[in-house]
Amino acid sequence: MARILVVDDDPAIRQLLIDVLEMEGYEVGIAADGLSAVQAVKASRPDFVVLDVMMPGLDGFGVLSSIRAQPGEPVPVLMRTAAAEADADARAWASGVDYYLPKPFDADAVLELIDGVLNDQAGANDR
Amino acid sequence: MSRPSILFVDDEPSILDGLRRSLRGRRGEWEMAFAAGGVEALARLAQSPCDVVVSDMRMPGMDGAELLTHVCERHPEVGRVVLSGHIDPDATIRVSIAGHRFLTKPSTVEDLVAVIEQMLVRTSAGHAGAARHIAGAVRAIPALPAHTEHIEALLGPDVDLSLAARTAMRDVGLTAKLLQLSNSRFFGSRPRNSSIESIVHSMGLPMVQAVVGAAHTLQPATGLSPAAEEHLEAVWRHAMATATLVHRIASPANRPHAQAAALLQDVGALVCLAAVAGGRVDLTARTRDDVPFADVGVELLHLWGLHPPIITAVAQRDTPQSPDASGLGVAASVRTAHLLIRRAESAGPGADIHDEELSGLLSHPQLRAQALDWSAAADEALRDAGERPGFHR
């Protein structure tokens, strides 16, 4: 089953995403800050990353540029933010996210998007 | 409607017994038959054709590649699956041309069932059987006559991996073949991603050259009418320009699939006009024996087991897209590039260019963020494709 890395400094949101994603059968890894996220992507090459923008220290944009600089297949990244920063979405797209959810946090929307992307990826040829 | 029927071929009775046992749970859904060799398998097929053949490679007398070649010629609509342990390099190359799908032994029952179930699906809504019949007959897709020298150059001594990758990325048939083979460990280590460059690197030059050589020997594009050749050159230029442009449209993780889909968007035309002999072709309606080229192309990519996002994007190229704000994904990226190139080809906005849909797509935040002059980018991509009738930079 696909492995998903959830990156968020808010424990409540992390737990919500873990619950929803594990219920669907995904294997979920977590990172509570930007630096651990960069290390986790490098070490375990997840199939999908759910990345919060606003984090203390290295924020979502910093994480994204670090993981985009890593060699190998670009990992699909969904960036999400609850903040109503005026230019956050333009900045997110310009920095190379694959998917972006600017709305208030909605675990079901995250799940629906991941299902759509990963189920369309699943080839059954000798995997 | 009768149940789908699957024929398993292996010279080792213990393997057939194992398959029989582990697939017992499928007896309700599938009609299963077992043959101890190629001759017996062909005799069975002559009596009652099946939907999918699953064959071992190494068998005394007729081996798997030879059997599947006969199956292709006599019963093109039958799905051809190879299930085999280690095989020698020569056989690997022969089977890369003869088979549709490749599973290594041991494979899990789930993998085998999944592949068979996929091959039972026919993608064309209106022409299921006819599209399968044409697409199933394809073992390799020829290069266009104007491009064969580049393919032949790949077989020479002065080739490196990056030239091989650049050539492959500009050839529809080779791109499709490499994507087909990249899913199986038969043909080298698993590539790091689905970009052609990564596939070529993980396969290694000798394997790529051998596959190119085998495909080219089998299937040079000869006997094309001037009209057909002109049509194919035009769709190739369109595909190349779309692939160049979609690189700027698709997001990083979606880029390899989007570029592959852009290049393969008209693979059906190449199949119908050049890869499978015969048939009554209508270049205006873009049909062969009344089956749309597009249906044949999608069926081929499905049979060959390309990644679903690629197939979906090719299948939806002519379907209006309205992606939500969360991202364009692969299909809408390819559609956007396709419409932009088409507008550039017709030199300006026009009635048939879906202007409204295109302006909606271009105002998507993903594309707005780039603040690019998309018309100029499309002109440039088209110029690049047109200026290089061959495909060396």
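As shown above, the structure is provided for reference.
Residues numbered from 1 in each chain as written. Chains lettered and ligands numbered in written order. Predicted model: local features only at pLDDT ≥ 70, side-chain atom pairs only at ≥ 80, totals over all residues. Heavy atoms only, no water.

**Remarks on the overall build of chain A**
Next up, step 1: Counting secondary structure elements, chain A contains 5 helices and 5 strands.
Next up, step 2: Along chain A, helices and strands appear, N-terminal first, in the series β-α-β-α-β-α-β-α-β-α.
Next up, step 3: Relative to the globule expectation of 14 Å for 127 residues, the C-alpha radius of gyration of chain A, 14 Å, shows essentially globular dimensions.
Next up, step 4: Here the contacts in chain A between residues at least 6 apart in sequence split such that 64% fall between residues at least 24 apart. (Helix = DSSP H or I, 4+ residues; strand = E, 2+ residues; numbered from the N terminus. Rg over C-alpha atoms; globule rule 2.2 N^0.38 Å. Contact = heavy atoms within 4.5 Å.)

**Some points on the packing of aromatic side chains**
Next up, step 1: Taken as a whole, this structure holds 5 aromatic pairs over all chains when the rule is applied.
Next up, step 2: Taking 6.3 Å as the distance between ring centres and 65 degrees as the angle between the ring planes, the aromatic pair formed by Trp93 of chain A and Tyr100 of chain A counts as edge-to-face.
Next up, step 3: Through a chain of ring-to-ring contacts, the aromatic side chains of Phe102, Phe186 and Phe187 of chain B assemble into a single cluster.
Next up, step 4: Against the face of Phe61 of chain A rests Arg91 of chain A, its NZ or CZ located 3.9 Å from the ring centre.
Next up, step 5: Positioned above the aromatic ring of Trp30 of chain B, the side-chain terminus of Arg26 of chain B is 4.9 Å from the ring centre. (Phe/Tyr/Trp six-rings, centres within 6.5 Å; stacked < 30°, edge-to-face > 60°. Lys NZ or Arg CZ within 6 Å of the ring centre and 35° of its normal.)

**Section: the side chain of Thr287 of chain B**
Next up, step 1: For Thr287 of chain B, the position within the fold is in strand 7 (residues 287-288).
Next up, step 2: Look past the residues within four positions of Thr287 of chain B in its chain and what remains in contact with it is Arg280, Val281, Asp282, Pro292 and Phe293 of chain B.

**Looking at the sheet that holds strand 5 (residues 99-101) of chain A**
Residues and elements named next belong to chain A.
Next up, step 1: Strand order in the open sheet formed by 5 strands is 2-1-3-4-5, with parallel pairing between adjacent strands. Edge positions in the open sheet fall to strand 2 (27-31) and strand 5, since each of these has one partner strand only. Recorded for the sheet is a direction-independent mean angle of 20 degrees between the axes of neighbouring strands.
Next up, step 2: Packed on one face of the sheet, helix 2 (residues 34-44) meets strand 1 (3-7), strand 2 and strand 3 (48-52) and runs near 170 degrees to strand 1.
Next up, step 3: Of the strands in this sheet, strand 3 and strand 4 (77-80) are in contact with helix 3 (residues 60-68), which crosses strand 4 at around 170 degrees. (Pairing = 2+ DSSP bridges. Axes fitted to C-alpha atoms, helices over the stretch in contact; angles between N-to-C directions.)

**Remarks on the environment of Arg288 of chain B**
All names here are of chain B.
Next up, step 1: Its location among the elements puts Arg288 in strand 7.
Next up, step 2: In the structure, Arg288 is positioned 15 residues away from Leu273 in sequence and 8.2 Å away in space, judged by C-alpha atoms.
Next up, step 3: In this structure the side chain of Arg288 is engaged in a polar contact, spanning 2.7 Å, whose partner is the backbone oxygen of Val276.
Next up, step 4: A distance of 3.0 Å separates the side chain of Arg288 from the backbone oxygen of Gly278, its partner in a polar contact. (Polar contact = N/O pair within 3.5 Å; in protein donor to acceptor, adjacent residues only side chain to side chain.)

**Section: the nonpolar core**
What tends to happen in soluble globular proteins is that the nonpolar side chains get buried as a cluster.
All names here are of chain B.
Next up, step 1: Counting residues in each nonpolar core, the largest one holds 132 residues, and the members touching the most others are Phe8 and Leu245.
Next up, step 2: Here the element with the most residues in this core is helix 12 (residues 226-249); it accounts for 11 residues.
Next up, step 3: Residues in contact with Leu245, not counting those within four places in the same chain, are Ala337, Leu340, Ile341, Trp374, Ala377, Ala378 and Ala381. (Core = buried A, V, L, I, M, F, W, Y, C linked by side-chain atoms within 4.5 Å. Buried < 20%, exposed > 50% of the residue type's maximum accessible area, 1.4 Å probe, protein only.)

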